[in-house]
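Coordinate analysis (summary)
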Number of protein chains: 2
Amino acid sequence: MQKPSIPKGTRDFSPVEMAKRNYIFNTIKEVYHLYGYQQIETPAMENLSTLMGKYGEEGDKLLFKILNSGDFLSGVSDEEVLERNTPRLATRICEKGLRYDLTVPFARYVVQHRNEINFPFKRYQIQPVWRADRPQKGRYREFYQCDGDVVGSDSLLNEVELIQIMDEVFHRFGIRVAIKMNNRKILTGIAEIIGEAEKIVDITVVIDKLDKIGLDKVNEELRSKGLSEKAIEQLQPTILLTGTNSEKVASLKNILSASETGVKGVEELQFILEKIEKTPLDATLELDLTLARGLNYYTGAIFEVKALDVQIGSITGGGRYDNLTGVFGMPGVSGVGISFGADRIFDVLNQLELYPENALKTTQLLFVNFGEKEQEWLLPVLKQVRMTGIRTELYPEAVKMKKQMSYADAKQIPFVAIAGEDEIAENKVNLKNMLTGEQSLVGVEELIQSIR
Amino acid sequence: MQKPSIPKGTRDFSPVEMAKRNYIFNTIKEVYHLYGYQQIETPAMENLSTLMGKYGEEGDKLLFKILNSGDFLSGVSDEEVLERNTPRLATRICEKGLRYDLTVPFARYVVQHRNEINFPFKRYQIQPVWRADRPQKGRYREFYQCDGDVVGSDSLLNEVELIQIMDEVFHRFGIRVAIKMNNRKILTGIAEIIGEAEKIVDITVVIDKLDKIGLDKVNEELRSKGLSEKAIEQLQPTILLTGTNSEKVASLKNILSASETGVKGVEELQFILEKIEKTPLDATLELDLTLARGLNYYTGAIFEVKALDVQIGSITGGGRYDNLTGVFGMPGVSGVGISFGADRIFDVLNQLELYPENALKTTQLLFVNFGEKEQEWLLPVLKQVRMTGIRTELYPEAVKMKKQMSYADAKQIPFVAIAGEDEIAENKVNLKNMLTGEQSLVGVEELIQSIR
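An account of the accompanying structure is given in this report. (Residues numbered from 1 in each chain as written. Chains lettered and ligands numbered in written order. Predicted model: local features only at pLDDT ≥ 70, side-chain atom pairs only at ≥ 80, totals over all residues. Heavy atoms only, no water.)

Description of the side chain of Asp167(A)
As a reminder, the rule being used: Strands here mean DSSP runs of E at least two residues long; helices mean DSSP runs of H or I at least four residues long; both are numbered from the N terminus. Each residue is placed in one exposure class: buried if its accessible area under a 1.4 Å probe, protein chains only, is under 20% of its type's maximum, exposed if it is over 50%, and partly exposed if it falls in between. All tallies of charge rest on Lys and Arg as positive and Asp and Glu as negative; His and the ends of each chain are not included. Salt bridges are counted wherever a side-chain nitrogen of Lys or Arg sits within 4 Å of a carboxyl oxygen of Asp or Glu. In protein, a polar contact means a hydrogen-donor-capable atom and an acceptor-capable atom, both N or O and within 3.5 Å, with residues adjacent in sequence counting only if both atoms are side-chain atoms; elsewhere, any N or O pair within 3.5 Å suffices. Note on contacts: a residue pair is in contact if any heavy atoms of the two residues lie within 4.5 Å.
Following the sequence through the fold, Asp167(A) ends up in helix H7 (residues 157–173). This buried residue, Asp167(A), is left without a salt bridge; Lys383(B) holds the nearest opposite charge, at 5.6 Å. At 2.7 Å, the side chain of Asp167(A) forms a polar contact with the backbone nitrogen of Ala283(A). Leave out the neighbours within four places in its chain, and Asp167(A) touches Ile179(A), Leu281(A), Asp282(A) and Ala283(A).

Okay, structure coming up:
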């Protein structure tokens, strides 16, 4: 018989991995709560009509589609089948698909429940998503997203708050980070001014290399991307922008003065920076003009978080978007949101060994099992100990001591209590600290005190 | 444009529903932890080869199958397609399916990770499962299961512990319950003794009606099921079994003395009852011979929990099974487990209004927004308040007071703080208790004290 396996790109999570993941999710949840965000959940399956066309042509291909139950071919003609136009046939035999992200289901949720929702709606959502991507190191076909969004409010205070939330989360994790910020309106302004609107993504990618390759090479690459000499010249002050955030803001005001959108972007940025200064962050907050993520989607502020002590891609990102729900017939709903990358945060915490001991806590106390008579004495003791909240086990079988001790070892149980005939006669147990090897004869009350 | 919707039999969970569900899951998790159970998670998608044939022919039909990515018809001949044998065709174009329960994935997990697992393995798992059932009231196509199992131990102490776990969970919920217990070996024994092994399910169903229809009608129904007069006569002492659990055990010992399996079943039951008596339960524990759930699956103890104050089916169930993993090539692994019915528990808690206030806690304090100047004063205050753990919001826009107050109302925020020009001049805020309507001018420290 073949050893069973799971689909490629999916994972089992062991007890230790679950404890670590729960620590991550719980920390994020606590911080969201602290800022008044409320959790929702949506079904794993959405109608394909909700999902299709929202992620581009490539995205449609990456949707996991669910075969209709029963006679899925009824209503499909022989001709249609024999045509073997599989993308089209797929939509004929599948009505549902697995969610691809949390954003589209959230937009669908907002429209569907618009009359029950209390706007501005601050929601967070931590659920798995599925993508039929080619699996590779660090990329999975099932993975969790941890999204927080406010919809129904244009106020930039929401951006301020989301920066504080990111800061607080990574502060709690003990991960040193830089929060990078940009504004899509500034990028639009730059494109307007140099007259190269459609090349703005190329431009940001090239500018991003300045530190590595130097100004001459940057300009050369811009030329190779088809930028005119005039555009490149006009771009020089932007490329060479340096200094503190306020210095950059001041320069940008000059550079972008001829672009209404650009000026608006600088003002937004300035508002956010000023408000953030009222309560200093743990993280560094950097205005980074090369930040351009998801250009077609975002319309205002853009965020990205980089870990300072580990080489890894961005561990959180987000931004402001207009018209989240327009595609579902509810126009004019603006929002801003962030998404924590749970898998990468997991890797960073592992590499830096930042998990607090308490988060990985498993059973705290194991009672050795000597047989039925001892069991009966132990049962009320177990109850007493558990009532104080101590995670306690009695080894279920009276097997050799060695086996019971190695169970405790493997589960990293810090205390083992031994209550054989002699101990029971004294109404005591022998408590062994598995870390130090120390052993002491104690009453139940004392045992509870020692462990707490 | 059509209003978007979700697939039938699936649900969105609103913030309030999520808070309630989290309370349920967290309570169950805490109790599992207290007994040394550890959480695992498995992927939503399993290979169809793992799932098929495990739930009977009907179950295979109820599996949600996931269409292969890309050219799913490659390798499928025209003839095969035109045959329109859809169940067979489904397995040709789908390799994966959504998990149908948590038991088969757990069995697969145990076999796949046998070398990493520390046996006896006490695991719990709280995840959604999917079934292509016809949706109806209270039956969903996506729903959560909350399973706890111990595998790799035959000890009846595991059964004792699971009873304690069920008792503790419902004690914490404040739901009064009866835990019903039976033993599959006793049912086998009864069937052996009356010589009607294959009719045992029918028999338990009929006996279950005794209270409602009386002895004569019960015997009549047994006759109509094809039981011989002799068998019915031999069944009388079992049907009429009454009294305390110990009295029932004593009678059963007599009745079943000729069946080795039956005697074994009674001994198991007796062991469990004796051990449970060492630490009294909150719940009543009843030996119920009519309890027969999942006969083909269970081999020892069987459990079911009934709520006493709400008319609803069983809200938890479980039992011992042999050979969980045999189907995946790893024989001899016995286990025992329970599964909490989250949806029914949700309904019971709703009906009895048993949710603790703290579980439904949302934002505790809303600051009214009067404009940019006031915001700047408030930002450090917000930080100070949040640092004490109080869930706090600043309304993101300086809109009319009425709108901000109705936001607080709708979100059931208990305190609203008003800090306009006058209050700020005094370095104070006006704190309004939304329940009592009381208002008082307080400093930040005092505000924090009032809310905590």
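Here's the deal with the interface of chain A and chain B
Condition: Note on terms: buried area is the combined drop in 1.4 Å-probe accessible area of two parts once they are placed together, counting the loss on both. As a working rule, the residues Ala, Val, Leu, Ile, Met, Phe, Trp, Tyr, Cys and Pro are called nonpolar, Asp, Glu, Lys and Arg charged, and the rest polar, with Gly in that last group.
On the side of chain B, 109 residues touch chain A, which itself brings 108 residues to the contact. Here chain A meets chain B over a buried area of about 9,200 Å², counting both sides, of which 58% is carbon and sulfur. Here chain A and chain B share 14 salt bridges between them. Residues Glu161(B) and Arg386(A) are paired through a salt bridge, measuring 3.6 Å at the closest nitrogen-oxygen approach. In this structure, the connection of chain A to chain B is made through 52 residue pairs in polar contact (both at pLDDT 80 or more). When its residues are assigned to classes, the side of chain A that touches chain B shows 47 nonpolar, 33 polar and 28 charged.

Section: the side chain of Asn183(B)
Residues and elements named next belong to chain B. Among the secondary structure elements, asparagine 183 is positioned in strand S7 (residues 177–183). Reaching out from asparagine 183, the side chain makes a polar contact with the backbone nitrogen of lysine 185 at a distance of 2.8 Å. Setting aside anything within four residues of it in sequence, one finds asparagine 183 in contact with Gly265, Glu268, Leu269, Thr299, Gly300, Ala301 and Ile302.

Points about the sheet that holds strand S13 (residues 392–394) of chain B
All names here are of chain B. So the rule is basically this: Think of it this way: DSSP has to see at least two bridges between two strands before they count as a pair. Interaxial angles span 0 to 180 degrees and are taken between N-to-C directions of axes, which are lines fitted to C-alpha atoms, for helices over the stretch in contact.
Here 5 strands make up an open sheet; going across it, the order is S13-S12-S14-S15-S16 and the pairing mixed. Here the strands that pair on one side only, and so sit at the sheet edges, are S13 and strand S16 (439–442). Neighbouring strand axes in the sheet, compared pairwise and without regard to direction, differ in orientation by 25° on average. Of the strand pairs in this sheet, strand S12 (residues 365–367) and S13 are connected by 3 bridges, and their pairing is parallel. Counted as the bridge partner of leucine 366 is glutamate 393 from S13. Contacting S12, S13 and strand S15 (429–433), helix H15 (residues 372–387) crosses the sheet at an angle of about 170° to S13.

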